[in-house]
Amino acid sequence: QALLKAYNGKCAVSGCSTADLLDAAHIIPYRGEHTNAVRNGLLLRTDIHRLFDLGLISIDPSTRAIGISDKLNGTIYEAYRGKKL
């Protein structure tokens, strides 16, 4: 609920606002309660969350730009390459 509020109910990458399709994702992997904080969270559409967990979508912490693996070339996800959060 806190991430829904922090991200205005929208996926940080796609802008999707369908609540049933949104997941809370950890930026730094969960390592106990101290990592379970809003500042360590992203609100992501379920498919983007899976790709993020697989390392196929990344976010540069210094520029906040979205990176897309070459494995996703030719897919709908290419449109997010370089987009800033």
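Everything here concerns the structure above.
Residues numbered from 1 in each chain as written. Predicted model: local features only at pLDDT ≥ 70, side-chain atom pairs only at ≥ 80, totals over all residues. Heavy atoms only, no water.

Engineer: Outline the pattern of salt bridges, supporting the account with residue identities and numerical values.
Structural biologist: Evaluated as defined, the whole model comprises three salt bridges. A salt bridge links Asp47 to Arg45; the shortest N-O distance between them is 2.6 Å. (Salt bridge = Lys/Arg side-chain N within 4 Å of Asp/Glu carboxyl O.)

Engineer: Lay out the side chain of Arg45 in plain terms, naming residues and giving numbers.
Structural biologist: For Arg45, the location among the structural elements is in strand E2 (residues 41-45). Looking at Arg45, the relative accessible area reads 15%, which means it is buried. Polar contacts involving the side chain of Arg45 include one to the side chain of Ser14, which spans 3.5 Å. (Helix = DSSP H or I, 4+ residues; strand = E, 2+ residues; numbered from the N terminus. Buried < 20%, exposed > 50% of the residue type's maximum accessible area, 1.4 Å probe, protein only. Polar contact = N/O pair within 3.5 Å; in protein donor to acceptor, adjacent residues only side chain to side chain.)

Engineer: So, helix H2 (residues 46-53): which residues are in play, and what are the values?
Structural biologist: In an α-helix, one turn spans 3.6 residues; hence positions three or four apart end up facing the same way. Among the residues making up H2, those that are buried are Ile48, His49, Leu51 and Phe52. Down the axis of H2, the buried set is contained in an arc of 165°. They therefore lie on one face. Summarising the geometry of H2, the exposed residues directed more than 90 degrees from the buried face are Arg50 and Asp53. Looking at the buried side of H2, the elements it contacts are strand E1 (22-26), E2 and strand E3 (57-59). (Arc of directions from axis to C-beta. Contact = heavy atoms within 4.5 Å.)

Engineer: Explain the nonpolar core to me, and be specific about the residues and the numbers.
Structural biologist: Leu44, Ile48 and Ile57 are the most contacted members of the largest nonpolar core, which totals 20 residues. Mapped onto this core, the elements with two or more residues apiece are E1, E2, H2 and strand E4 (66-68). Not counting residues within four places of it along the chain, the set of residues in contact with Ile48 comprises Cys11, Val13, Ser14, Ile57, Tyr77 and Tyr80. (Core = buried A, V, L, I, M, F, W, Y, C linked by side-chain atoms within 4.5 Å.)

Engineer: Can you break down the environment of Ala6 residue by residue, with the values?
Structural biologist: Locating Ala6 in the fold gives a position in helix H1 (residues 2-6). Measuring from C-alpha to C-alpha, the distance between Ala6 and Gly41 comes to 9.5 Å, with 35 residues separating the pair along the chain.

Engineer: Would you mind going over the environment of Ala25 in detail, with residue names and values included?
Structural biologist: Along the chain, the position of Ala25 falls in strand E1. When its relative accessible area of 3% is taken as the criterion, Ala25 is described as buried. For the pair Ala25 and Ile76, spaced 51 residues apart in sequence, the C-alpha separation works out to 21 Å. Excluding residues within four positions of it along the chain, Ala25 makes contact with Leu3, Asn40, Gly41, Leu42, Leu44 and His49.

Engineer: How would you explain the environment of Leu51 if you had to name every residue and give the values?
Structural biologist: The residue Leu51 is located in helix H2 in this model. In this structure the C-alpha to C-alpha distance between Leu51 and Tyr77, which are 26 residues apart in sequence, comes to 9.6 Å. Leave out the neighbours within four places in its chain, and Leu51 touches Leu56, Ile57, Leu72 and Tyr77.

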